[in-house]
Amino acid sequence: MSSPAVRLPARPVRLFDSWWTVAAGALCAMVVLAGGLWFSLHVQTDETLHSAVLFAHLASLVLGFGAVLSADYYGLLWATGRCTLAEVIGATARLHVPIWAGLGGLVASGMMLHPDVHSPLTLTKLGLVAALTLNGLQAGLLGRRMEEASQPVGGRLLLWGGATALVSQACWWGSVVIGFLNTNS
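Criteria and cut-off values
Residues numbered from 1 in each chain as written. Predicted model: local features only at pLDDT ≥ 70, side-chain atom pairs only at ≥ 80, totals over all residues. Heavy atoms only, no water. Phe/Tyr/Trp six-rings, centres within 6.5 Å; stacked < 30°, edge-to-face > 60°. Helix = DSSP H or I, 4+ residues; strand = E, 2+ residues; numbered from the N terminus. Buried < 20%, exposed > 50% of the residue type's maximum accessible area, 1.4 Å probe, protein only. Expected span 1.5 Å × (residues − 1). Contact = heavy atoms within 4.5 Å. Axes fitted to C-alpha atoms, helices over the stretch in contact; angles between N-to-C directions. Parallel < 35°, antiparallel > 145°, perpendicular 65-115°, else oblique. Left-handed = near helix turned anticlockwise from the far one by under 90°. Nonpolar A, V, L, I, M, F, W, Y, C, P; charged D, E, K, R; others polar.

K.L.:
Explain the packing of aromatic side chains to me, and be specific about the residues and the numbers.
P.N.:
The final tally for this structure, using the stated rule, is three aromatic pairs. Plain terms: the ring middles of W19 and W160 are 5.6 Å apart, the flat faces sit at 20° to each other, and that makes the pair stacked. Residue W19 is found in helix α1 (residues 19–42), and its partner W160 is found in helix α5 (residues 155–183); the two are separated by 141 residues along the sequence. The class of W19 is partly exposed, set by a relative accessible area of 46%. Look at W160 and you get buried, because its relative accessible area is 19%. Arranged with centres 5.3 Å apart and planes meeting at 5°, the rings of F65 and W172 form a pair that is stacked. Taken together, the residues span a long stretch of sequence, with F65 in helix α2 (residues 47–79) and W172 in helix α5 at a distance of 107 residues.

See the structure below:
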């Protein structure tokens with residue numbers, strides 16, 4: 001007589017399990033961004049709250065963009081042979097929390113800074129934030145695939161990583177420049 005098979009509990013589905021889960025996360029993120037835009041059109045802040053929100057916006061920029069620059073710096077260290085790819089993957093995995101916290105803080109505070117949705121620059125910035133969010137979601141899947149990859153990591157994953165970093169930098173720097181231009185206009 002054989003013993004019954006031991007059934008292991010099912011592991012819950014996680015955000016970075018597959019392209020399907022990332023796509024579901026992306027859909028949710030775009031709904032949240034659209035809701036935030038709607039909210040920003042209907043909220044009024046007084047001068048004191050506006051100053052506090054502006055400070056939160058700048059602090060979130062420092063947190064999120066600083067973490068992105070740190071992650072990309074690790075990539076440059078690897079590219080110049082000064083650290084291993086495993087070190088880069090480990091460091092960037094630990095930086096996801098401050099990156100997402102910074103981006104979330106930027107979006108939440110930006111909703112209360114009265115963006116001019118009729119301005120082409122503001123619309124471009126909103127597009128960059130949406131692209132940045134989607135890029136960040138797929139970067140999580142990239143990180144998972146790199147962690148699971150056999151060593152050495154293949155060229156496709158490395159190309160994917162380079163493209164992810166370039167899109168990230170373009171979106172962050174573009175948003176910063178547009179924010180600066182909007183503040184000074």
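K.L.:
Can you explain α2? Please cite residues and give values.
P.N.:
Between its first and last C-alpha, α2 extends 47 Å over 33 residues, near the 48 Å set by a 1.5 Å rise per residue. Among the residues making up α2, those that are buried are V53, H57, S60, G64, F65, A67, V68, A71 and L77. Next to the buried residues of α2 lie α3 (85–110), α4 (120–148) and α5. After α2 finishes, the residue G81 shows a positive phi value of roughly 75°.

K.L.:
Outline the packing of α3 against α4, supporting the account with residue identities and numerical values.
P.N.:
Two numbers describe a pair of packed helices, the interaxial angle and the distance between the axes. Running from amino to carboxyl end, α3 crosses α4 at an angle of 160°, the nearest separation of the two axes being 11 Å. Accordingly, the angle class assigned to the pair α3 and α4 is roughly antiparallel. Crossing handedness for the pair α3 and α4: left-handed. For the pair α3 and α4, contact is made by I89, A93, H96, W100, L103 and V107 and by V129, L132, T133, G136, L137, A139, G140, M146 and E147, respectively. Here the residues of the contact of α3 with α4 sort into 10 nonpolar, four polar and one charged.

K.L.:
Hey, could you go over the environment of T122 for me, with residue numbers and the actual values?
P.N.:
Checked against the element boundaries, T122 lands in helix α4. A relative accessible area of 7% places T122 in the buried class. Each C-alpha atom of the pair T122 and M30 lies 17 Å from the other, and the pair is 92 residues apart in sequence. With residues near it in sequence (within four places) discarded, T122 still touches P115, D116, V117 and N182.

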